[in-house]
Amino acid sequence: MVFDFQEIEKYWKKKWSADLLYKVENTSDRPKYYVLDMFPYPSGAGLHVGHPLGYIASDIFSRYKRMTGFNVLHPMGFDAFGLPAEEYAIATGVHPAVSTRENISRYKEQLSNIGFCFDWSREVITCEPKYYKWTQWIFSLLFEHYYDLDQDKALPIKELTDKFSGGGSKAVNAFSSDAEDFSADEWNAKSAVQKSDILSSYRLAYRRIGYVNWCEGLGTVLANDQIKDGLSERGGYPVERRAMTQWYLRITAYAERLLAGLEQVDWPQSLIAMQTNWIGKSTGATVYFDIDGHDEKIEIFTTRPDTIFGVSFMVLAPEHPLVEKITTDCMKLKVDDYVSYSRTRSERDRLSDVKEVSGQFTGAYAVHPFNGQKVPVWIADYVLMDYGTGAIMAVPSDDDRDYAFATKFELPVVEIIDKSAYPDAQRQDKVGKLINSDFLNGLEVLDAIDTINAKIESSHLGKVRVNYRMRDANFSRQRYWGEPFPILFDSEGVPSVCTVDELPVKLPEVEDFKPTKDGQSPLSRVKEWVNEGDKTRETDTMPAVAGSSWYYLRYMDPGNDEAFASEQALDYWQNVDLYVGGAEHAVSHLLYSRFWHKFLKDLGYLKTEEPFKKLINQGMIQGVIEFVALVKDSDDSNVFYCANLMENKEGEYARIPVHIDFVSQYGSNDSYLDEKGIKSFLEWRPDYKSARFVTQQGKFEASDFMNGKASEVTLKTFSEVGKMSKRYYNVVNPDDVVAEYGADTFRLYEMFLGPIEQSKPWDTQGIEGVSKFIRKFWGLYHDEEKFMLSEDAAAKAELKVLHQCIKKVRDDIGNFSFNTAISAMMICVNELRKLNCNKKAVLEPLVRLIAPFAPFVSEELWKKLDNDSSVHIASYPHFEASYLVEDEIEYPVCVNGKKRFLKSFPNSMSKADLEKEVLTLEELTKWVEGKTILKTIVVPGRMINVVVK
RNA sequence: GCCAAAGUGGUGGAAUUGGUAGACACGCUGGACUCAAAAUCCAGUGCUGGCAACAGCGUGUGGGUUCGAGUCCCACCUUUGGUACCA
């Protein structure tokens with residue numbers, strides 16, 4: 001009987017949605033299970049075949065959990081604020097809200113084709129006012145709280161100010177960026193502006209100066225992503241680091257808890273390692289160095305205070321505020337030059353350039369706190385203003401970069417650690433005995449650190465301190481398409497937050513989506529919005545990470561207008577049991593969500609410490625980018641060359657991406673454009689209408705292809721694995737695959753491609769095999785014309801095949817090994833076909849077994865099996881071990897670890913008997929003749945190894 | 001540069017975590033059915049040598065541990081992701 005997947009899918013899609021099959025309630029007598037996907041950014045290119053990879057995995061798991069007795073929450077929504085929609089608006093004038101809405105409806109339509117069990121009534125869209133109202137509300141709470149170190153949690157600012165007026169700064173043990181000391185009286189006498197300034201070093205959301213990538217040519221701040229080799233990707237204008245006042249979130253207050261929480265979660269080790277490294281906890285000391293002839297001191301942070309007698313120079317970040325003050329007149333020009341130069345360098349360049357060091361002497365000298373020697377103060381861009389204190393003591397003998405610097409600028413290198421006892425030790429290793437170091441001489445490094453730390457503290461030269469590599473998060477964007485801050489400034493510039501009934505602060509309409517000339521957000525042009533009574537609004541907007549930091553909570557109670565979610569809903573769902581998403585979010589999104597979750601817990605809204613209990617990284621499905629080689633002639637006309645003719649000529653041609661629809665043998669090494677392909681390319685890119693083509697068949701004009709005068713001509717293309725993206729014209733739409741093969745096949749195929757966490761380029765080779773499997777599966781239940789099953793009792797062999805499969809599939813789902821689960825199902829169907837099995841006793845459980853993977857075909861068969869309710873709420877088949885018991889086991893017999901022959905032994909035979917028995921085998925004599933048998937190794941049920949010499 | 005991951009047939013991948021390398025699938029080759037094609041079915045398919053039985057080699061490269069290594073250790077090479085304003 002024919003398998004008409006289109007009819008079946010159409011029927012069940014409608015039926016499921018009419019029956020509200022996937023609607024989930026916030027109460028149940030079943031245990032809860034929350035499965036979450038990282039929601040997509042709805043880009044203009046539409047959903048591509050890479051997106052559903054994780055969604056299919058989580059969908060299978062959700063269905064499996066539902067069939068094994070859980071109340072499963074499996075929602076979907078959209079991360080809808082973001083840069084691409086804004087850039088599209090700048091380019092075309094189309095409002096981001098409009099293009100975003102269109103993109104979302106396209107995404108939803110595409111998603112609906114794949115048979116996901118999302119509860120769409122819980123959809124969340126971050127750019128809608130009813131959602132971002134609560135994003136703004138959480139921000140306002142961050143503004144209104146500080147981190148109390150005694151209670152180890154966030155507390156209201158009111159408690160802080162109460163303590164200040166009662167006992168001054170001494171009354172408080174709080175996390176702050178700037179520890180100014182004052183008495184209660186001094187506090188009470190301060191002006192509103194002064195108080196606000198002090199409080200901003202305590203608030204969890206605060207303003208300070210930060211550095212951004214400013215592009216004068218485009219009049220805007222750029223993401224690192226938009227910069228290539230120090231120039232803007234669009235337009236190629238120079239980019240420099242510029243100081244701007246920005247909002248920040250004090251995530252560093254939570255550094256310790258973010259670190260500790262990693263021990264509670266079931267995440268991939270690699271991801272935990274990445275977050276641990278990102279937080280970058282280190283213990284060291286801050287030390288103050290006097291500056292010769294100045295009152296100011298240089299504060300440095302070092303993890304190697306033991307090396308202090310090896311200091312031969314100091315280095316400040318070029319942005320360091322002291323640079324201007326201490327630079328001597330005769331060095332001023334050179335220092336200014338260097339500071340401007342370093343502004344043109346991105347942070348990443350500054351950190352990754354280890355071969356080439358650069359710097360400039362300021363003319364000033366610092367005074368060594370222990371031996372009083374004068375050490376020169378340099379500036380260099382390998383020191384970053386945002387890390388530690390923005391200044392280091394340089395110890396060339398024990399630090400690679402300091403050493404490279406000292407070598408280049410001929411600064412002294414003082415040996416202070418004798419590593420002769422450790423011949424393999426590297427320069428930075430913390431081993432050896434101290435020399436040339438006064439009172440530290442003779443101590444091992446670790447002891448020396450303790451000794452010097454004690455000395456630093458007792459002589460008030462500095463403090464022992466824990467430092468984090470992680471920095472506070474810049475939370476300001478000078479852009480339009482993001483959440484407005486719920487912040488008002490009074491005439492003196494003191495910020496305050498809007499109350500909850502003033503929220504949401506809606507994004508105003510603007511005519512121009514570009515930032516202003518001086519880099520302000522486009523919102524600053526909307527004067528009637530900015531001026532609110534005698535106050536003015538903050539015109540920056542929040543970054544895209546804002547909305548995604550808490551969306552998983554909103555799914556629990558998405559319609560709530562009184563709260564971000566009701567207490568009951570939060571209490572019931574608690575946190576996410578399984579989170580599936582790409583490793584590209586390893587740090588930013590996952591770290592900020594954890595931070596917000598902990599903050600909301602401190603305020604009593606949540607009961608759990610961590611938002612995502614278990615996390616699975618899905619790999620990316622990459623695209624193959626097809627390029628043609630373009631060479632510019634001496635007279636500047638365009639000539640395309642066949643890729644074959646351009647091999648090993650890297651750099652002599654430009655790579656022009658071609659739409660993959662034009663390419664024959666797409667994705668293979670032999671991909672090419674045929675005559676038709678070149679014609680399509682020319683119609684698509686009319687700017688090349690006068691180009692010429694050099695192929696293996698000869699030289700041709702563009703017109704030859706348009707007029708059909710170049711038949712049989714082929715132009716090879718370059719193929720490169722990369723992102724699937726609109727800009728490379730290589731997006732493969734799942735709709736097309738679903739239309740051709742059906743949703744069940746598409747789902748199975750994506751899972752069958754390989755392990756879920758592995759990345760791989762998209763390739764439809766092999767989809768036939770999965771499609772064939774579905775048809776064979778369907779065929780088991782039908783004879784030539786109709787559905788036909790037998791009521792006979794199942795044979796032992798049939799039950800064995802079934803239960804082997806049940807065991808494997810259940811185990812594999814538990815391990816998220818879907819590709820092997822599908823293999824097992826293929827094997828099962830193949831075996832049952834061989835056995836000519838059409839017994840209901842076997843095939844009925846099989847439908848339930850396959851249902852989470854192929855929801856449409858199994859639902860159809862379930863109905864044919866005379867069931868009224870859905871297979872997706874039936875129970876999952878149980879595994880019965882007794883069906884798998886074997887009488888005999890076939891052992892591989894190895895000699896010296898190499899397999900030589902197979903031999904069956906009774907299952908019941910003991911290890912000792914096997915050892916004896918194997919030596920009597922005739923087959924063995926050939927391999928042991930003339931040799932001594934040393935021993936026999938038997939691994940019961942697995943293998944036998946005879947060791948000879 | 002730093003952090004993280006991955007390299008297994010012509011291709012996607014499997015291997016119970018130290019125990020038969022290549023399951024399952026694609027592709028390819030041959031055959032059946034057919035006027036023919038498609039679909040379907042059957043057989044073969046890591047490489048080298050051999051008519052064959054069989055033997056040798058084989059999991060990115062080079063070493064090491066072990067009765068036994070795709071799996072563990074050391075060094076290296078290549079690819080991918082992240083690197084704080086892409087999401």
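Please read all numbers here as calculations on a predicted model, not as lab measurements.

**As for the overall build of chain A**
Then step 1. For chain A, the count of helices and strands is 31 helices and 38 strands.
Then step 2. Looking at the 949 residues of chain A, the share that counts as buried comes to 53%.
Then step 3. Taking the intrachain contacts of chain A between residues at least 6 apart in sequence as the baseline, contacts between residues at least 24 apart amount to 71%.
Then step 4. If you sum the accessible surface of chain A, you get close to 43300 Å²; carbon and sulfur atoms cover 48% of it.
Then step 5. Placing the 113 positive and 142 negative side-chain charges of chain A at their respective mean positions leaves the two points 3 Å apart.

**Points about the pattern of salt bridges**
Then step 1. Applying the stated criterion to the full structure yields 43 salt bridges.
Then step 2. A salt bridge links Arg242 to Glu216, with the shortest nitrogen-to-oxygen separation between them at 3.7 Å. Taken as a pair, Arg242 in strand S9 (residues 240–249) and Glu216 in the loop between strand S5 (205–215) and strand S6 (220–222) lie far apart in primary sequence, 26 residues in all.
Then step 3. Given the relative accessible area of 28%, Arg242 is considered partly exposed.
Then step 4. Residue Glu216 is classed as exposed on the basis of its relative accessible area, which comes to 54%.

**Describing the protein's contact with RNA strand B**
Then step 1. Not every one of the 66 residues close to RNA strand B is listed here, only the nearest: Asp79, Ala223, Arg348, Arg942 and Asn945.
Then step 2. Within the side chain of Gln758, one N or O atom sits 3.4 Å away from a phosphate oxygen of RNA strand B.
Then step 3. Contacts to RNA strand B include Ser823, whose side-chain N or O atom sits 3.4 Å from a base nitrogen.
Then step 4. It is helix H27 (residues 818–834) that contributes the most residues to the surface near RNA strand B, 7 residues altogether.

**Details of the sheet that holds S5**
Then step 1. Spatial strand order, S6-S5-S9-S19: 4 strands in an open sheet with antiparallel pairing. The two strands at the open ends of the sheet, each matched to only one other strand, are S6 and strand S19 (473–474).
Then step 2. Both S5 and S9 contribute to a ladder of 10 bridges, which runs antiparallel. Paired with Val212 across the bridge in S9 is Arg242.
Then step 3. Along the sheet face, helix H5 (residues 129–143) touches S5 and S9 and points at about 90 degrees away from the line of S9.

**So, the packing of H27 against helix H28 (residues 840–850)**
Then step 1. Here H27 crosses H28 at 160 degrees, and the two axes come no closer than 12 Å. For the element pair H27 / H28, the angle class is roughly antiparallel. Relative to H28, the crossing made by H27 is left-handed. Contacts between H27 and H28 involve Met825, Cys828 and Leu832 from the first element and Val842, Leu843, Leu846 and Ile850 from the second.
Then step 2. In the contact of H27 with H28, the residues fall into 7 nonpolar, no polar and no charged.

**Here's the deal with a negative patch on the surface**
Then step 1. On the surface, Asp661, Asp736, Glu740 and Glu768 cluster together into a patch of negative charge.
Then step 2. Checked against the element boundaries, Asp661 lands in the loop between strand S28 (654–658) and strand S29 (672–673).
Then step 3. When its relative accessible area of 61% is taken as the criterion, Asp661 is described as exposed.

**Observations regarding unusual backbone geometry**
Then step 1. For the bond running from Leu503 to Pro504, omega is 0 degrees, close enough to zero to count as cis.
Then step 2. With a phi close to 55 degrees, Asn836 is a non-glycine residue in the positive phi region.
Then step 3. By the element assignment, Asn836 lies in the loop between H27 and H28.
Then step 4. Given the relative accessible area of 66%, Asn836 is considered exposed.

**Remarks on the nonpolar core**
Then step 1. Formed by 179 residues in total, the largest nonpolar core has its most connected members in Phe475, Val809, Leu846 and Phe853.
Then step 2. Residue assignment places this core across two domains, with domain 1 (31–138 + 547–618) and domain 4 (743–883) each supplying three or more.
Then step 3. If near-sequence neighbours (up to four positions away) are discounted, Val809 is found in contact with Ala821, Ala824, Met825, Leu849, Phe853 and Tyr876.
Then step 4. Ranked by size, the runner-up nonpolar core spans 50 residues in total, among them Met331, Phe370, Leu434 and Ile452.

**Some details on the domain arrangement of chain A**
Then step 1. According to the domain assignment, chain A contains domain 1 (31–138 + 547–618), domain 2 (281–468), domain 3 (621–722), domain 4 (743–883) and domain 5 (886–948).
Then step 2. Placing the centre of domain 3 and that of domain 5 at their C-alpha centroids yields a distance of 62 Å.

**Concerning the sheet that holds strand S24 (residues 576–582)**
Then step 1. With respect to topology, 4 strands assemble into an open sheet ordered S2-S1-S24-S25, the strand pairing being parallel. In the strand order of this sheet, the two ends are held by strand S2 (71–73) and strand S25 (612–618), each with one partner. Geometrically, the sheet is characterised by an average inter-axis angle of 20 degrees between neighbouring strands, direction not taken into account.
Then step 2. In this sheet, S2 lies alongside strand S1 (residues 32–37) in parallel orientation, the contact comprising 3 bridges.

Analysis parameters
Residues numbered from 1 in each chain as written. Chains lettered and ligands numbered in written order. Predicted model: local features only at pLDDT ≥ 70, side-chain atom pairs only at ≥ 80, totals over all residues. Heavy atoms only, no water. Helix = DSSP H or I, 4+ residues; strand = E, 2+ residues; numbered from the N terminus. Buried < 20%, exposed > 50% of the residue type's maximum accessible area, 1.4 Å probe, protein only. Contact = heavy atoms within 4.5 Å. Areas by Shrake-Rupley, 256 points an atom, 1.4 Å probe, with all protein chains shown as cover. Lys, Arg positive; Asp, Glu negative; His and termini not counted. Charge placed at Lys NZ, Arg CZ, Asp CG, Glu CD. Salt bridge = Lys/Arg side-chain N within 4 Å of Asp/Glu carboxyl O. Near = heavy atom within 4 Å. Polar contact = N/O pair within 3.5 Å; in protein donor to acceptor, adjacent residues only side chain to side chain. Pairing = 2+ DSSP bridges. Axes fitted to C-alpha atoms, helices over the stretch in contact; angles between N-to-C directions. Parallel < 35°, antiparallel > 145°, perpendicular 65-115°, else oblique. Left-handed = near helix turned anticlockwise from the far one by under 90°. Nonpolar A, V, L, I, M, F, W, Y, C, P; charged D, E, K, R; others polar. Patch = residues over 30% accessible without salt bridge, like charges linked within 9 Å, V, L, I, M, F, W, Y side chains within 5 Å. Core = buried A, V, L, I, M, F, W, Y, C linked by side-chain atoms within 4.5 Å. Domains from an automatic or database assignment.

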